[in-house]
Structures are given as C-alpha cells and as structure tokens.
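Breakdown of the fold
Below are the chains, spelled out letter by letter.
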Number of protein chains: 2
Amino acid sequence: MKHPSECIFFNLVKAGKKASRFLKNEVALLGLTSIQTLVILFLFYQDEITSAELGKRTELDSATMAGVLDRIENMGLVARRPNHDDHRAISVCLTDEGQMMAEKLWDVAEKANTTFLKKFSKEEVVFLKGLLNRL
Amino acid sequence: MKHPSECIFFNLVKAGKKASRFLKNEVALLGLTSIQTLVILFLFYQDEITSAELGKRTELDSATMAGVLDRIENMGLVARRPNHDDHRAISVCLTDEGQMMAEKLWDVAEKANTTFLKKFSKEEVVFLKGLLNRL
DNA sequence: AAAAAAACACTTGTATGCAATTGAAATATC
DNA sequence: GATATTTCAATTGCATACAAGTGTTTTTTT
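Described below are features of the structure shown in this document. (Residues numbered from 1 in each chain as written. Chains lettered and ligands numbered in written order. Predicted model: local features only at pLDDT ≥ 70, side-chain atom pairs only at ≥ 80, totals over all residues.)

Before going further, it helps to spend a moment on the protein's contact with DNA strand D. Around DNA strand D lies a shell of 28 residues, among which Ala-52, Ala-63 and Ala-89 of chain A together with Ile-35 and Ala-63 of chain B are the nearest. Those elements that place two or more of their residues in the surface near DNA strand D are helix H1 (8-27), helix H3 (51-58) and helix H4 (62-74) of chain A together with helix H2 (34-45) and helix H4 (62-74) of chain B. In terms of residue count, H4 of chain B provides more of the surface near DNA strand D than any other element does, five residues in total. The residue makeup of the surface near DNA strand D, split by class, is eleven nonpolar, nine polar and eight charged. (Near = placed C-beta within 6 Å. Helix = DSSP H or I, 4+ residues; strand = E, 2+ residues; numbered from the N terminus. Nonpolar A, V, L, I, M, F, W, Y, C, P; charged D, E, K, R; others polar.)

This part covers the packing of helix H3 (residues 51-58) of chain B against H4 of chain B. Packed helix pairs are characterised by how far apart their axes lie and by the angle those axes make with each other. Residue and element names in this part refer to chain B. Close contact between H3 and H4 brings their axes to 10 Å; oriented N to C, the two are set at 105°. By the angle between their directions, the pair H3 and H4 is classed as roughly perpendicular. Mapping the contact onto sequence places Ser-51, Leu-54 and Gly-55 in H3 and Ser-62, Met-65 and Leu-69 in H4. Broken down by class, the residue content of the contact of H3 with H4 amounts to three nonpolar, three polar and no charged. (Axes fitted to C-alpha atoms, helices over the stretch in contact; angles between N-to-C directions. Parallel < 35°, antiparallel > 145°, perpendicular 65-115°, else oblique. Contact = placed C-beta atoms within 7 Å.)

Time to look at the nonpolar core. With 68 residues, the main nonpolar core has Val-39 and Ile-40 of chain A together with Val-39 and Ile-40 of chain B as its most contacted residues. Those residues in contact with Ile-40 of chain B that lie beyond four places of it in its chain are Ile-72, Leu-77, Gly-98, Met-101, Ala-102 and Leu-105 of chain B. (Core = buried A, V, L, I, M, F, W, Y, C linked by C-beta atoms within 7 Å. Buried ≥ 20, exposed ≤ 12 C-beta atoms within 10 Å, placed from the backbone.)

When chain A is brought onto chain B, the operation consists of a screw motion whose angular component is 180° and whose axial shift is 0.0 Å, with 0.0 Å RMSD remaining. Expressed as an axis order, the relation between the two copies is that of a two-fold axis. Within chain A, the C-alpha atom positioned nearest to the axis of rotation is that of Gly-16 of chain A, 2.5 Å from it. In this assembly the copies share their binding face: 100% of the residues contributing to the interface of chain A also contribute to that of chain B. (Least-squares fit on C-alpha atoms with pLDDT ≥ 70 in both.)

Structure follows, in structure tokens:
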C-alpha cells in the first residue's frame, strides 16, 4: 500500500457514503432518509416481522433499529404490534399509508439504481454485487 | 429489482459498514476508530495540510472533520497550527506521538487489508477497486 | 477602493452506527 | 420443576454523516 487512498476500507466506506447520499437525495422529496427507505422496502417485501428479524435483513442493530422505527412510526408509516407467539417480541407492520409510501419508494429506488449504475455494463454490475456479497 | 437485497445502495452501504467495523476492531487496541485511523494515515502520507484539504482527501465534510480533529487532538496525536498563508485556515500536523502512532497504524492497516481481502485474487481486488472508483 | 461573492473553520440539530447494559420473557440445563 | 442461559426490544453514551448557518478572511467584481 503506497497511499491511503488504496486502502480497501477507505474505498468501501467512501462508496457506501456515496450510495447513501445518492439515495437520500432521491427520496428527500418524500421526507425520508436512505436508511428509512431501505427499512420500508424490506417491510414491503415481507410485512409483520419482528424487529430482530428486520434488523438481521437490513443489517441494523437493535439500537439503531429502535430509533429508525420510532421515526417512521411517528410519521405514521409503520406500527409496532404485540407479538402473540413471543411476548418479548414485537411485530413491525406497514400501515396503509406506509404501503402507499412503499410503492412510491420502490419505483424511486428502481430508477435510482439504474441512474446510479448508468456507466456500468450488466456484467460489471453482476460482478460488483457478487464481489460485495463475498466480503 | 425483485428483492430489496438486490438494491445497489443496500449492497454498498452494507459493504461500507462491514469494512468500517473490521478496521475498527483491528485498531481498537490502539484506542482509535476507523475514521480517526484513516485521517491519520492521510496525514502520514502528507502532513501540514489545511482542514479543508484533509477533508477533500478523506471525504469528510467540515462538520465531521471538526469533531474528529478535536478527538485526536485531545489524544495528543495531531495539532492545529495557524496557517500563515491564509489566516482563515489552519494547518493540521502530526505530533511526534502522532507520527509513531501513524507508523503502527500503517502496519495494522496493511495487514488488515490483506486479511480482509484474503478470499479474493489480485485481479478481483483490482477490478473491485476500479469499479468502486468509478461510482 | 468599495461592495459582493466565495472560501475557511466551526457550531448546531437531527440521523445513523455500535458497544454495553437493562428488564422481561423464552429456552436450556440440571 | 427450579435455575441458568439466551433472546428480545429498548436505552445510554459516544462517534460519525450531513444540512444549514455563523463569523472571519480572501478573492472577485464592479
């Protein structure tokens, strides 16, 4: 390593920030952040899961998840419901408003993916995602 | 996009977090975070630069930079010195203690890079870095 | 030279990111 | 069946991330 800019940790953190900023700008009109968007997209794919399960899928720990849920719950997009199978757990559910928001977010996210990856060929995208998933 | 886990923003944010956590664990013994480490490595490569210049190189905005510098300055690793060419600016300099720390950090970072990328061939690493830099 | 615009470092406020801890409930062990 | 361990959701404390704004100094424009 001859220069810190060759450090893989720097490269990956930088790329993550760039991605987060880009998505944030795309969803800013809807009043959400990039992380709130990702949480809602995962709920849109599968609803009524526990906070722990949602945390595993989105890669958010329970401390961060609590805050994110507080905020999107206050916006009326999700609801915390008691879980009858396990009294320690909660079920996180999209409200009707949350469902409508999720549909909009899905469209925005798909377009943003395309725009963000415009310069890359399909093969490059597949290769990039494959490498990232192996980290 | 059939599943939110295919979203490039999710992939990149996740990879950035994984990288940050890995480096953080490697440098934890030295009492530093991953971002503090990267800032010191950039200073080790070129010392006595302004906060703005350091921010450009490390991709930290001035608000974040102020906090990071406060902390590593309190540890005695860097010093803020007046800039005689531009009275608005400051010069950020490694102290003697900071120099010694930087040498240790460089070694740790090099080893961590190797460990983190163990599964990947040289060609894959070059390709990955190339793709990340084009984002 | 005077006025306007830009750059520099910093602060504030809000949103993650994460280690460590808490209290309650479920599971494992004995 | 009583006890120990684990799991769940949440909180606290500290470290980024970043938009917006401040006061000071420099540069540009007129």
